[in-house]
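# Coordinate inspection notes
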Amino acid sequence: MSEQSIIISILAAAVTAGTPILYAALGELLTERAGILNLGVEGIMLVGAVSGFIAAVATGSCWWGLLAAMAAGGAVAFIHGVLTITLRANQTVSGLALTLFGTGLSGYLGKSYIGMPVPQAFKATTLGPLSDIPYIGPILFRHDVLVYASYLLVPAMAFFIYRTRPGLILRAIGENPAAADALGFKVFSLRHLYVIAGGMLCGVGGAYLSLAYAPSWLENMTAGRGWIAVALVVFALWDPWRALIGSYLFGGVDALGFNLQVLGVTVPTFFLSMMPYLFTILVLTLLMAKSGGRVVPPGALGLPYDREDR
Amino acid sequence: MLKPIITMRGMYKRFPGVLANDNIDMDIYPGEIHALLGENGSGKSTLMCVLSGLYKPDGGTICVEGEEKRFRSPRDAIACGIGMVHQHFKLVEPFSVAENIAMSGQHGSFMLSTEKMTADIAELGDKYGLAIKPEASVWQLSVGEKQRVEIVRMLYHGSRVLILDEPTAVLTPQEAAEMFKTLRKMAADGCAIVFITHKLNEVYELADRVTVLRGGRVTGVLGRNELDTKKLVWMMVGRDVVSQYERGVMPEGRPVLEVQKAVAFNDMGMYGLKDLSLTINEGEIFGIAGVAGNGQRELAEVITGLRRVADGTIRLYDEDVTNSRPADMIARGVSYVPEDRLGVGLVPELSVLENLLLKSYQQPEFSGRWLLDSKAIKERAAKLVKEYKVKVSSLDQPVKMLSGGHLQRLLLAREIAEKPKLMVVVYPARGLDVGATEAVHRLLLDLKAEKTAVLLISEDLDEIMKLADRVGVLYNGRLVGEFPVEEADIERIGLLMAGSGTEGGEADAYQI
């Protein structure tokens, strides 16, 4: 293999390795923009991964698997919504509980599916002439359909948040729910909506692992990617584009480590698997320090909204 | 005859334990400025929240231009042209002015088009003299500017009925005058304006008509030419309010507090107090007049031990207490009712009981060696609450739930219970209605009768003239005038407050 093709293959692998995190980060971003902190991402991803896998095995179609993963992700997130929005429970505690719950549930549900092959996985497809563009084609346009969908999702979400009226309201309920309430927006329903939508995206992130990235089910197969996604949202300053960069960064280091092993560089495996986590956080922290170090989360993030509170 | 734009008939609104609106009728005409006058808790805000769709009424009908409407949310009310500017602004601070205004769009497009909005907002602002920058972030704006944003927001969405909840409470007199001008212009354009207030002078200055509420009922509707102070007060309070208290003449007592040539810095590191000297005797109320920000806070804090003096001495009963700790000052009998009641005076999340205990928990009657004596504490709290007529639902109620007047009563109860030698009160009647103000004033006069020295810092000259025995004017950190109240003349005090009539007033500004 020439050096060039190695670099291209690493970069292409960066995209696929980053995609599950990207989905989860976008989901968490949407949730946090609405003022709800969901630390259950890891759990939701796992539930999404296992239900997607089970559904794909049962129906023979990865598309049904994807739908099941979204439904399961949305359902688990809805638990969080009920606890934190309706019952005004502490969001940190509820989120942590959700992760524990999701980990346990996915392990239990997936027990008999370990080692089973998936009848149909998301396979890489080329996008005609786009895939033939030198360098860019092989890096960006020889992936599966979920990767392509994420290419569309990032600008769509950025556009939604910054340029549309519903996006403005989304930001408003995350910044100052009382203000949105006084103008007659249904703060509680909207928050539920975004928590569920965010959970569905996390579910897709999980399904990407079990149906595309490594088509199989392994207990705890997310391996902390949900946590990285949560951290990423903060480092990305709640911006979809920055979340994209962060995700691919993680994917890149992940892929690099894998390739180093293939090339026979002797570095302990544990060190290699630690690298992407460490590197992502390091780089993003530096990036943030450069941008003035000011992290301004949505004003009402983590705070339950109570209309009668003074 | 003009037809009313809004007619409300038989409005009922019940909150747990209170009937806030009891069969209220009200008409609002286009082009009028309509004052809704009443004491705190008389149901003014509730009624307007119902009209603006925030609260659902328990009974009654609202008609807009003769057509009965039911508002399920403020959006419905806004769609009918009814907009309300709340006392606590409902703005999203990190958003730009334009974004805040876009938020409440009724038939707004899916997409945000900021360019057109910016132009429209600027045009509206010009028309009514409401200068705002559409692209500025709201958090950068002053309180007055935020209020303008709220008003423009309502106008932008075509409000023909604009409701303002105590609009002047947060404004400087200059800003208030500006806003009054704007409101008149809008009324001249056919807008109906309702403003909620408990200040009679605002009614005189602005209102074409006034509806007075008391205890959730309408007690009277008067036109501009029928206005009469005695009548209004009677409608509002249900009894006569004294305009002048009987001032007991106290024999000259010993000096309690002596401040000599105190110099202190403010939070910005600038001179807050400059060579300020004053003496207060037993049984005397010393009133400090002045425009806020001329050293009032620094003076109060220096005396209560919360701020250090850089130079000068403070003596209490001839003992040097300069730069003592607050706990020492409390132990020596200095009580303090600060300007910021919920921030400095009380702990909002703690209960009535705990707040009452804050200053006395170390006293042997309430605490043993290790534990607090909860029975004694409860008894005392119950006694204080009863004695000072603080309206609480229970002693365990968090104090943030109390109304402004009762908060102040609670605070005074705690401070007076310490049997202070010196009481420092800052803006004691700010935000209180006529009845509550009178109650607070009575408490201060009672204190005086018990030979306590009182330092009354106020921005309300009438209050000072009513209560104080001696008056001093604070300007730019100095006491620029001091006279017995009999010789005090409002006009002269006003001039001193504004900084004229003092030699060196100008020069000081440069010295800093």
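### Quick word on the overall build of chain A
Looking only at helices and strands, chain A has 12 helices and zero strands in total. Reading chain A from its N terminus to its C terminus gives the helix and strand order α-α-α-α-α-α-α-α-α-α-α-α. Overall, chain A is about 65 × 50 × 40 Å in size when its C-alpha atoms are taken along their principal axes. Put simply, chain A has 310 residues, and 54% of those count as buried. For chain A, contacts bridging at least 24 residues in sequence account for 78% of all contacts bridging at least 6. Accessible surface, chain A as shown: approximately 13300 Å² in total, 71% of it carbon and sulfur. A gap of 6 Å separates the mean positions of the 16 positive and 14 negative side-chain charges of chain A.

### Some remarks on the packing of aromatic side chains
Enumeration according to the criterion identifies eight aromatic pairs over all chains in this entry. Here Phe160(A) and Tyr194(A) contribute two aromatic rings whose centre-to-centre distance is 6.5 Å and whose plane-to-plane angle is 55°, an arrangement assigned as tilted. Separated by 34 residues along the polypeptide, Phe160(A) in helix H6 (residues 145-163) and Tyr194(A) in helix H9 (residues 187-213) bring together distant segments of the chain. Tyr194(A) gets classed as buried once you look at its relative accessible area, which sits at 8%. Clustering of aromatic rings is evident, with ring pairs tying together Phe141(A), Tyr148(A) and Tyr151(A). Directly above the aromatic system of Phe95(B) lies the positively charged group of Arg171(A), at a separation of 5.0 Å from the ring centroid.

### Things to note about unusual backbone geometry
Residues and elements named next belong to chain B. The residue Asp 318 is not glycine, and still its phi comes out positive at about 70°. With respect to the element layout, Asp 318 can be found in the loop between strand E14 (311-316) and strand E15 (319-320). Residue Asp 318 is classed as exposed on the basis of its relative accessible area of 54%. Even without a glycine there, the phi angle at Lys 389 is positive, about 50°. Along the polypeptide, Lys 389 turns up in the loop between helix H13 (374-387) and helix H14 (404-417).

### Remarks on the interface of chain A and chain B
Between chain A and chain B, the residue contacts involve 23 residues of the former and 25 residues of the latter. Here chain A meets chain B over a buried area of about 2100 Å², counting both sides, of which 63% is carbon and sulfur. Joining chain A to chain B, the criterion identifies one salt bridge. Across the salt bridge formed by Arg171(A) and Glu99(B), the nearest N and O atoms sit 3.2 Å from each other. Of all the secondary-structure elements, those providing two or more residues to the side of chain A that touches chain B are H6, helix H7 (165-175) and helix H8 (177-182) of chain A.

### Quick notes on the environment of Gly107(A)
Residues and elements named next belong to chain A. Tracing the backbone shows Gly 107 in helix H4 (residues 91-109). In this structure Gly 107 comes out as buried when scored by relative accessible area, which is 8%. Separated by 114 residues in sequence, Gly 107 and Met 221 have C-alpha atoms that sit 9.9 Å apart. Ignoring any residue separated from it by four or fewer positions in sequence, one finds Gly 107 in contact with Trp 217 and Glu 219.

### Some details on the nonpolar core
The biggest cluster of nonpolar side chains holds 134 residues, and the ones touching the most others in it are Met103(B), Ile151(B), Met186(B), Val210(B) and Leu232(B). In terms of residues, this core owes the most to one element, H9(A), which gives 11 residues. Not counting residues within four places of it along the chain, the set of residues in contact with Met186(B) comprises Tyr128(B), Ile151(B), Leu155(B), Leu162(B), Cys191(B) and Ile193(B). Among the nonpolar cores identified, the runner-up in size contains 52 residues, and Leu346(B), Ala381(B), Met423(B) and Ala488(B) belong to it.

Conventions adopted
Residues numbered from 1 in each chain as written. Chains lettered and ligands numbered in written order. Predicted model: local features only at pLDDT ≥ 70, side-chain atom pairs only at ≥ 80, totals over all residues. Heavy atoms only, no water. Helix = DSSP H or I, 4+ residues; strand = E, 2+ residues; numbered from the N terminus. Buried < 20%, exposed > 50% of the residue type's maximum accessible area, 1.4 Å probe, protein only. Contact = heavy atoms within 4.5 Å. Areas by Shrake-Rupley, 256 points an atom, 1.4 Å probe, with all protein chains shown as cover. Lys, Arg positive; Asp, Glu negative; His and termini not counted. Charge placed at Lys NZ, Arg CZ, Asp CG, Glu CD. Phe/Tyr/Trp six-rings, centres within 6.5 Å; stacked < 30°, edge-to-face > 60°. Lys NZ or Arg CZ within 6 Å of the ring centre and 35° of its normal. Buried area = accessible area lost by both parts, 1.4 Å probe. Salt bridge = Lys/Arg side-chain N within 4 Å of Asp/Glu carboxyl O. Core = buried A, V, L, I, M, F, W, Y, C linked by side-chain atoms within 4.5 Å.

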